[in-house]
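Below are the chains, spelled out letter by letter.
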Amino acid sequence: MSQSAVYAPSPEFVQNALVKGMEGYRALYDRAAEQPEQFWGELAEKELVWDEKWSQVCEWNPPFAKWFTGGKLNAAYNCLDRHLATPRKNKIAILWEGEPGDQRLISYQELHRLVCRFANVLKSRGLTTGDRAIIYMPMIPELPVAMLACARLGIIHSVVFGGFSAEALKARIRDLGASVVVTADGGWRRAKEVKLKPAVDEALTECPGVKNVIVYRRTGGEITMQDGRDHWWHDLDADEGISDFCPAVPVDSEHPLYVLYTSGTTGQPKGILHTTAGYLLQTMMTMKWVFDLKEEDTYWCSADIGWVTGHSYVVYGPLAAGATSVMYEGAPDTPAVDRWWRLIEKHRVSIFYTSPTAIRSLIRQGEQWPDKHDLSSLRLLGSVGEPINPAAWEWYYRVIGKNRCPIVDTWWQTETGAIMISAMPGAIPLKPGSGTLPLPGISMDVVDMDGNPAGTDKEGFLVIRKPWPAMIRTIWGDPDRYQQQYWSRMPGVYFSGDAARRDSDGYFWVLGRVDDVMNVSGHRLSTMEVESALVHHPAVAEAAVVAKPHEITGQAVCCFVTLKQGYTDHQALGAELRKWVAHEIGAFARPEEIRFTDALPKTRSGKIMRRLLREIVTTHTVTGDVTTLEDLSVVARLSAQREE
Ligand code: WTA
């Protein structure tokens, strides 16, 4: 083993674990590597319910993969109906708590009923297989209900995180060609109503394709409803024709399940397409392998369903696996900073999965808060979204896990659909800061510029060599961008955009993005997206955006801005531009820092040298090659300048 601290699973944990010891892991991994089609085929047969069996496990025409071709099934059926013939029918599927303290414990039986009713509502509005729905909702049970109702009918859903602005919502509605938007009046956050419907109204002024808006009443706040277009969920649901049962439509294995927009390296977000069978199988299997799921577990993934983590590990993975999935609507510090610990204590949560940013902000609140609560129900902890620094890892392990809960650090992406690198907690010894090893069936590597393995402890690009069931199928409407973005560096090899190294035990250490994608609080944001928002503002001539290291959120958005003639009030404009970006993209994208400058460092061909700006915000100096720079004095001026 290499030098870092190693945490082996305890004998008790190993004894009860689904996969035991390194031998257990190796046996599975090797089997999957030697006979991938047989490996995934057997799992698909055993773990999913099919209307028609597939004829081929994987068709691989790089970079396009199809899994379980010829098969038919339904994702909602696999998440709900199949449990109803078992004792799970009365098990809690979704254990929800609203921020004000209201709670709903929804059994599989009841969730099935809610989903069927809403599927009937969608049908009553004329929606059918292949149509597209945008879902823009707070973290309330009706959000997974809407997703599963779409899946039940083969309607392709795209959930837009409630923190996105009207502008961002509009772009997604248009790109997807959605004909229906499912939303709510608003939700609760920090004891205030956060309205959603007004953003829908604003977005829809330029979305003629949307014929129906269905609005769930959550807060009771004042909103406007447009006659003929907007309908209250409860009104449609009250119609006599809406029954408690709706047949699940069998769809092809490769039928699109959802599109989720994420930031790429341009200003235009990309719609990541996931299809039905492979996605469902891999999210379900990783749910078992990574979280060592037991029937009696109460599992809580704190992610918002607006991001991929919520799709795969609040909704599809846990429900397919028959778990109890906890959902919380609001902020972690409302009414007090121990709200999460209260939730864990109250509901006896046994598996807790969150982000390093959340952990770091909880560290800052102090140990007295978790110490006030009985967290003894916890048996497993997880981390996702960004590299976790060893100090945060150790705190999580000691203060929350009481030195007895393994921590699974899970590496994956919107594009991978499911967890790719993670410890199997009963099998793989942990090292703080490392995701450890790839899961069975997953062929990961770290390579140099030429695509050759980088070698022990050498930094390189994190790549995936073989197709995997939950992989991205394409970028919605843009197969060329899909090919170019992920598969053009090395033919037949998936390029993740992350840098990583492997140590002498083969463990992966993910270092972060190597492209122009920032990671703020575990949320992906492209520098170009923020730049194009900034240059939309009438005062801005040019903008360059880079990520700056941040103690809590991992990275923060730092903008360098040149102004047009006649604009001089830096203080007022700084505040205004921050607001502007929040309006254009969403509040989570609000820049931490705006620096005004009279020029940006550019190459002679006019390209902004972001690398230099990154160095300036990180180290306040510039090293390395600046010979291509057009005007060297710009860098000197920028480095001398501190925050305004
Ligand atoms: C980063 C979130 C280190 C990584 C599931 C990746 C991580 C991006 C980890 C994807 C981890 C995610 N350790 N880095 N355990 N998990 N990342 O699409 O840079 O929102 O490329 O998916 O987050 O972000 P996305």
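Please refer to the structure placed before this passage.
Residues numbered from 1 in each chain as written. Predicted model: local features only at pLDDT ≥ 70, side-chain atom pairs only at ≥ 80, totals over all residues. Heavy atoms only, no water.

1. Observations concerning the side chain of T436
Link 1 in the chain: Note that T436 resides in the loop between β20 (407-410) and β21 (444-447).
Link 2 in the chain: We classify T436 as buried; its relative accessible area is 1%.
Link 3 in the chain: At 3.1 Å, the side chain of T436 forms a polar contact with the backbone nitrogen of A423. (Helix = DSSP H or I, 4+ residues; strand = E, 2+ residues; numbered from the N terminus. Buried < 20%, exposed > 50% of the residue type's maximum accessible area, 1.4 Å probe, protein only. Polar contact = N/O pair within 3.5 Å; in protein donor to acceptor, adjacent residues only side chain to side chain.)

2. With respect to the packing of helix α4 (residues 75-84) against helix α5 (residues 108-124)
Between two packed helices, what matters for the description is the angle formed by their axes and the separation of those axes.
Link 1 in the chain: Contact geometry for α4 and α5: axes closest at 9 Å, N-to-C directions at 130 degrees. Between α4 and α5, the angle is such that the two are oblique. In the packing of α4 onto α5, the handedness of the crossing is left-handed. On the side of α4, the interface is formed by C79, L80, D81, H83 and L84, while α5 contributes Y108, Q109, L111, H112 and V115.
Link 2 in the chain: Among the residues forming the contact of α4 with α5, the class breakdown is six nonpolar, three polar and one charged. (Axes fitted to C-alpha atoms, helices over the stretch in contact; angles between N-to-C directions. Parallel < 35°, antiparallel > 145°, perpendicular 65-115°, else oblique. Left-handed = near helix turned anticlockwise from the far one by under 90°. Contact = heavy atoms within 4.5 Å. Nonpolar A, V, L, I, M, F, W, Y, C, P; charged D, E, K, R; others polar.)

3. Focus: the site of the ligand
Link 1 in the chain: Contacts to the ligand come from 17 residues, most closely from D409, T410, T414, R513 and R524.
Link 2 in the chain: Within the contact set of the ligand, a nitrogen atom lies 3.1 Å away from a backbone nitrogen or oxygen of G385.
Link 3 in the chain: D498 is positioned with one of its side-chain polar atoms (N or O) 2.8 Å from an oxygen atom of the ligand.
Link 4 in the chain: Relative to its free-state accessible area of 530 Å², the ligand is covered by the protein chains to the extent of 96%.
Link 5 in the chain: Of all the elements in the fold, those that place two or more residues in the shell around the ligand are α11 (308-320), β20 and β24 (508-513).
Link 6 in the chain: Class assignment of the residues belonging to the shell around the ligand gives a composition of six nonpolar, six polar and five charged. (Near = heavy atom within 4 Å. Areas by Shrake-Rupley, 256 points an atom, 1.4 Å probe, with all protein chains shown as cover.)

4. Structural notes on the packing of helix α10 (residues 277-291) against α11
Link 1 in the chain: Running from N to C, α10 and α11 point in directions that differ by 90 degrees, and their axes come no closer than 8 Å. Relative to α11, the element α10 is oriented roughly perpendicular. Contact with α10, carried on its side by Y279, L280, T283, M284, T286, M287 and F291, involves H311, S312, Y313, Y316, G317, P318 and A320 of α11 and no other residues of that element.

5. Focus on the sheet that holds β21
Sheet strands associate in pairs through backbone hydrogen bonding, adopting either a parallel or an antiparallel arrangement.
Link 1 in the chain: Spatially, β21-β22-β23-β24 is the arrangement adopted by the four strands of the open sheet, whose pairing is antiparallel. Each having just a single partner strand, β21 and β24 make up the two edges of the open sheet. Direction aside, neighbouring strands of the sheet carry axes that sit 45 degrees apart on average.
Link 2 in the chain: In the sheet, β21 pairs with strand β22 (residues 460-464) via four bridges, with the strands oriented antiparallel. From the neighbouring strand, V446 faces β22, where its bridge partner is L462. (Pairing = 2+ DSSP bridges.)

6. Observations concerning α4
Link 1 in the chain: Most of α4 is tucked away, with nine of its ten residues classed as buried.
Link 2 in the chain: The set of residues buried in α4 consists of A75, A76, N78, C79, L80, D81, R82, H83 and L84.
Link 3 in the chain: Where α4 starts, the residue carrying a side-chain oxygen 2.8 Å from the main-chain nitrogen of A76 turns out to be N74.

7. Quick notes on the sheet that holds strand β16 (residues 298-301)
Link 1 in the chain: Read across the sheet, seven strands follow the order β5-β4-β17-β16-β18-β19-β20 without closing on themselves; strand pairing throughout is mixed. Here the strands that pair on one side only, and so sit at the sheet edges, are β5 (103-107) and β20. Pairwise comparison of adjacent strand axes, ignoring direction, gives a mean angle of 20 degrees for this sheet.
Link 2 in the chain: Pairing of strand β19 (residues 380-384) with β20 involves four bridges; the strand directions are parallel. Opposite G382, over in β20, you have V408 as the bridge partner.
Link 3 in the chain: Lying over the sheet, α11 contacts β4 (92-97), β16, β17 (324-328), β18 (351-354) and β19, oriented at roughly 160 degrees with respect to β16.

8. Focus on the pairing of strand β2 (residues 64-69)
Link 1 in the chain: Taken together, the five bridges between strand β1 (residues 56-61) and β2 define a ladder with antiparallel strand orientation. Bridging from a neighbouring strand, N61 pairs with F64 of β2.
Link 2 in the chain: Count of turn residues in the β1/β2 antiparallel hairpin: two residues.

9. So, the packing of aromatic side chains
Link 1 in the chain: Within the structure shown, the criterion is met by 40 aromatic pairs.
Link 2 in the chain: Between the aromatic rings of W300 and F352, the centroid separation amounts to 5.0 Å while the plane-to-plane angle is 45 degrees, which identifies the pairing as tilted. Linking W300 in strand β16 with F352 in strand β18, this pair joins segments that are 52 residues apart in sequence.
Link 3 in the chain: On the numbers, 6.1 Å between centres and 85 degrees between planes, the contact of Y313 with Y353 is edge-to-face. Here Y313, found in helix α11, pairs with Y353, found in strand β18; they are 40 residues apart in sequence, far enough to count as distant. Each member of the pair, Y313 as well as Y353, carries the same accessibility label: buried.
Link 4 in the chain: Clustering of aromatic rings is evident, with ring pairs tying together F39, W40, W50, W54, W67, F68 and W289.
Link 5 in the chain: Of note, K53 hangs over the ring of W54, and the distance from its end group to the ring centre comes to 4.8 Å.
Link 6 in the chain: Above the face of the Y507 ring, K431 is positioned so that its terminal group lies 4.3 Å from the ring centre. (Phe/Tyr/Trp six-rings, centres within 6.5 Å; stacked < 30°, edge-to-face > 60°. Lys NZ or Arg CZ within 6 Å of the ring centre and 35° of its normal.)

10. Description of the pattern of salt bridges
Link 1 in the chain: Counted by the stated rule, this structure contains 51 salt bridges.
Link 2 in the chain: Of the charged contacts in the structure, one is a salt bridge between D244 and R117, with a shortest N-O distance of 2.7 Å. Taken as a pair, D244 in the loop between α9 (233-237) and β13 (251-252) and R117 in helix α5 lie far apart in primary sequence, 127 residues in all.
Link 3 in the chain: Taking relative accessible area as the criterion, D244 reaches 36% and is therefore assigned partly exposed.
Link 4 in the chain: In this structure R117 comes out as buried when scored by relative accessible area, which is 14%.
Link 5 in the chain: Connected through shared salt-bridge partners, E110, R113, R117, D237 and D244 make up one network. (Salt bridge = Lys/Arg side-chain N within 4 Å of Asp/Glu carboxyl O.)

11. Brief notes about unusual backbone geometry
Excluding glycine, most residues fall at negative phi; most peptide bonds, likewise, are trans.
Link 1 in the chain: Note that the residue after P62, namely P63, is joined by a cis bond; omega there is 0 degrees.
Link 2 in the chain: The residue after T334, namely P335, is reached through a cis peptide bond having omega 0 degrees.
Link 3 in the chain: Note on placement: P335 falls in the loop between β17 and α12 (339-347).
Link 4 in the chain: Residue K402 is not a glycine yet carries a positive backbone phi of 50 degrees.
Link 5 in the chain: On the basis of relative accessible area, K402 is assigned to the partly exposed category, the value being 35%.
Link 6 in the chain: Positive phi values are uncommon outside glycine, yet S521 reaches one of about 55 degrees.
Link 7 in the chain: Checked against the element boundaries, S521 lands in the loop between β25 (517-520) and β26 (523-526).

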